[in-house]
Amino acid sequence: MRRALIKYGTRFMLALLAFMARHPLLHGLSGRVSRYLASQAVQRKNLRPTTQLAELGRLWQRSFPSAQQVPIEGISGTTLIGQIHTRCPLRGSGDLQACQRMMEFDREVLRQVGGQFVVLQSQASPGVSHCRVAMRLAGQPMDDLPGIIAATQVE
């Protein structure tokens with residue numbers, strides 16, 4: 001029963017966030033709701049700031065209902081690469097700006113635990129089945145990462 005509640009609750013929340021992220025009048029609300037949900041996850045799961053890259057990834061995973069849906073692909077130098085396999089309501093839509101708004105949850109979790117976050121590949125892109133994301137510790141330069149954030153303007 002609990003698993004079903006989490007599964008369908010997550011689907012509902014993602015659908016609601018996608019709706020807000022795609023409608024111009026709701027963009028601001030989308031960000032506020034995402035940051036609130038991230039703060040609640042950080043608080044509820046007792047996530048604390050870290051200065052270790054591998055720990056940053058584990059903390060990010062813990063902010064989700066299932067770490068299996070957000071596997072860590074690996075660490076290279078100062079960058080941790082992760083994936084998001086949870087099916088996104090934006091999948092295949094081509095709406096990368098809405099994707100960036102929806103990823104505010106992840107950015108806020110990372111901010112609160114001492115990191116930074118960028119989307120490298122989005123499910124919103126046609127033919128992409130999972131997101132690839134990069135994380136670095138706070139203060140590290142991010143401009144060398146080929147994230148889709150550079151290709152889109154987030155409102």
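Scroll up a little and you will see the structure.
Predicted model only: the values in this text are computed from it and were never measured.

Conventions adopted
Residues numbered from 1 in each chain as written. Predicted model: local features only at pLDDT ≥ 70, side-chain atom pairs only at ≥ 80, totals over all residues. Heavy atoms only, no water. Pairing = 2+ DSSP bridges. Helix = DSSP H or I, 4+ residues; strand = E, 2+ residues; numbered from the N terminus. Disulfide = S-S within 2.5 Å. Salt bridge = Lys/Arg side-chain N within 4 Å of Asp/Glu carboxyl O. Buried < 20%, exposed > 50% of the residue type's maximum accessible area, 1.4 Å probe, protein only.

A.B. asks: Can you walk me through the pairing of strand β1 (residues 72-76) in this structure?
C.D. replies: Put simply, side chains in a regular strand alternate between the two faces of the sheet. Relative to strand β2 (residues 79-84), β1 runs antiparallel, the two sharing four bridges. Bridge pairing in β2 links I72 to G82. A loop of two residues connects β1 with β2, the two strands running antiparallel in sequence, and G77 in this loop sits at a positive phi of about 65 degrees.

A.B. asks: How should I be thinking about the state of the cysteines in this particular structure?
C.D. replies: By definition, a disulfide links the sulfur atoms of two cysteines through a covalent bond. This model, assessed by the stated rule, comprises zero disulfides. The thiol of C99 is unpaired, and the distance to the nearest cysteine sulfur, on C131, comes to 5.3 Å.

A.B. asks: I would appreciate a short explanation of the pattern of salt bridges in the present structure.
C.D. replies: A side chain of one charge can pair with a side chain of the opposite charge when the charged atoms of the two come close. Tallied over the full model, the rule gives eight salt bridges. Residue E73 is joined to R132 by a salt bridge in which the shortest nitrogen-to-oxygen separation is 2.6 Å. Taken together, the residues span a long stretch of sequence, with E73 in strand β1 and R132 in strand β4 (residues 131-137) at a distance of 59 residues. R111 is the partner of E104 in a salt bridge, and the nearest nitrogen-oxygen pair spans 2.4 Å. Judged by its relative accessible area of 11%, E104 falls in the buried class. Through salt bridges with shared partners, one network takes in R35, E104, R107, E108 and R111.

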